[in-house]
Amino acid sequence: MENLEKFATQVVQLTGSKEGAVSPAIVQSAAFAYGNSETGENIFNAKVKKPLYARMGNPTNTKLETILTSMDEGCGAIVTSSGMGAISMAVMSIVNSGDEIISIGGLFGGTYSFFSETASRFGVKTRFFDVDQIEDIENAVNGKTKIIFVESVGNPSMSLADIPAILDLANKHNIISIVDNTLTPVTLQPLKLGADICVYSTTKIIAGNASALGGAAVFREALQNDEKLLGGRYPFYKKFIDKAKASAMVMAAKKRALRDFGMSASAFSSYLTILGLETLPLRIERINSNITKIVKALDKAGLKINHPSLPGHKHHKRYKDIYHSVTGSLFTIEFETKQKAFEFLDNSKLITITANVSDSRTLGLHMASTIYSDFTEKEKEFLGITKGLVRISIGQENPDEIINDILQAVR
């Protein structure tokens, strides 16, 4: 948890100003005036770093991007309108028709459908693997493989990927790796472990209170002799490295995806997200303290709980060794049937029934009848979605009250 202490100081210092308005400004403008023609030309060719047009970013978004870059010790970041916007931007800035993606993990429903349905319509094939199929993953790598994508924590499968092993595999084959780190910001730093891109739904614990929809992608530094980016698998990167140097991956994402798809962040949402970031370390610590106490009590009471802090979980060792005993706000309860799951959720006095996660308050959802309702039985089986599965996202309430509420709702 030492990263939390470091970031607690870092973020409030980056957010506030020492002179003038302390709180960051909301620059709510769609367009920006260049002053003269030469400046306009230099803004467009990136020689002058001033706002171009709000679709490509504005000063409030830049402030948030600076903080997120610092959080992950990256080279640069791009904020987007949603978490799926961040994934879409990162992926579509890299792939062409005929390319392949390897996707690993329990996978959030929107991510799975993006790869299986949307990307496939553009001629991009995705091969899906469980987190433990390392040998099969390596065997699936071929000349068309352009991305290895992995979730840090399976949502809602609660599977934990061996992140270092997967990133080592990607780097061995010079394939770009993308880690969805939505549930474990700060406590897990994928770029430091060797990832190329780290994506977030900032809507979740980063903003923290369901007030702002948003997403982000944070990029590593590109090198002048970058073996991965210049090795032949990604011929388009050379011009970006020549022009943008270390920020080549950021510029490529802006020019090859953000500019044309338009998944741009709102200045007001970025402002609210910055405010959320100021308390992120405190909220992570509180939620993690809550969830470890709660799942232990519920497991002891005989409920069918799935959380990696429990010694019987298949990835308990990874939980301690790789994830530093922090995996976010989620766990699941198995009720066997939809009727029992509905009764539990409707009997609870504290749980808010919603599709969001990692909020200030405790949330719950029956997965099969909502997010995964239009998935096939085979897809549900692969993603770990059973008829009675309920996902719980623990909030900041008193843990004893949450335990008592869940137990009374079960009874």
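K.L.:
Any chance you could explain the pairing of strand β6 (residues 197-200) here in plain terms?
P.N.:
Remark: a regular strand shows side chains that alternate across the two faces of the sheet. Alternating residues of β6 divide into I197 and V199 and C198 and Y200, and every residue in both groups is buried. Here β6 pairs with strand β7 (residues 215-219) via 4 bridges, running antiparallel. Its bridge partner being in β7, V199 is matched across the sheet by A217.

K.L.:
What exactly am I supposed to notice about helix α11 (residues 267-278) here?
P.N.:
Count 3.6 residues to each turn of an α-helix, and residues three or four apart come out pointing the same way. Its 12 residues give α11 an end-to-end C-alpha distance of 17 Å, which sits within 8% of 16 Å, the value for a rise of 1.5 Å per residue. Listed in full, the buried residues belonging to α11 are A267, S269, S270, Y271, T273, I274, G276 and L277. Residues of α11 that are buried in the fold lie against α1 (2-15), α3 (59-72), β1 (76-80) and α12 (280-300). Two or three places before F268, at the start of α11, stands the capping residue S266, its side-chain oxygen 3.2 Å from that residue's backbone nitrogen.

K.L.:
Can you walk me through the sheet that holds strand β4 (residues 145-151) in this structure?
P.N.:
The pairing of strands in a sheet comes from backbone hydrogen bonds and takes either a parallel or an antiparallel form. With mixed pairing, the 7 strands of this open sheet are ordered in space as β1-β7-β6-β5-β4-β2-β3. Taken across any chain shown, the strands that pair with only one partner, and hence form the sheet edges, are β1 and β3 (125-129). Taken over all neighbouring pairs, the strand axes of this sheet differ in orientation by 20° on average, direction set aside. Summarising the sheet, strand β2 (residues 100-104) and β3 pair through 5 bridges and their orientation is parallel. Along β3, the bridge assignment pairs I101 with T126. Sheet strands in contact with α3 are β1, β6 and β7, and its direction is about 130° off that of β1.

K.L.:
Can you help me understand the sheet that holds strand β10 (residues 352-353) in this one?
P.N.:
Spatial ordering of the open sheet is given by β8-β9-β12-β11-β10, a layout of 5 strands whose pairing is mixed. Across the chains shown, the open sheet's two edge strands, defined by having one partner strand only, are β8 (305-306) and β10. Bridge count between strand β9 (residues 330-334) and strand β12 (residues 389-393): 5 bridges; the pairing is antiparallel. Among the inter-strand pairings, L330 is bridged to a residue of β12, identified as S393. Against the sheet, α12 engages β8 and β9, with an angle of about 15° to β9. In this fold helix α14 (residues 338-347) packs onto β9, β10, β11 (363-366) and β12, with an angle of close to 160° to the strand it touches most, β11.

K.L.:
Is there a simple way to explain the pairing of β1 in this structure?
P.N.:
With 5 of its 5 residues buried, β1 lies for the most part within the structure. With burial as the criterion, each face of β1 is covered, one bearing G76, I78 and T80 and the other bearing A77 and V79. Pairing analysis gives 5 bridges linking β1 to β7, with the strands arranged antiparallel. The residue of β7 that forms the bridge with A77 is V218.

Cut-off values and rules
Residue indices begin from 1 for each chain and proceed along its sequence in written order. Owing to the predicted nature of the model, reporting of local features is limited to residues with pLDDT of at least 70; listing and counting of side-chain atom pairs is limited to 80 or more, with chain, interface and lining totals taken over all residues. Excluded from the side-chain calculations are hydrogens and water; all other atoms, namely the structure's heavy atoms, are used. Residue burial is assigned from relative accessible area. The probe radius is 1.4 Å, only protein chains are included, and a residue is buried under 20% of its type maximum, exposed over 50%, and partly exposed in between. Starting at the N terminus, helices and strands are each numbered in turn, a helix being any DSSP run of H or I of at least four residues and a strand any DSSP run of E of at least two. Only when DSSP finds a minimum of two bridges between them are two strands counted as paired. In this scheme, a helix's expected span is set at 1.5 Å multiplied by one less than its residue total. The contact definition used throughout considers only heavy atoms, calling two residues in contact when any of these lie within 4.5 Å. Contacts described as polar in this section are N or O atom pairs within 3.5 Å, which, within protein, must combine one atom able to donate a hydrogen with one able to accept it, while residues neighboring in sequence count only if both atoms come from side chains. Angular values range over 0 to 180 degrees, each being the angle between N-to-C directions of two axes fitted as lines to C-alpha atoms, with helices fitted over their stretch in contact.

Worth remembering: the numbers are spatial, not functional.
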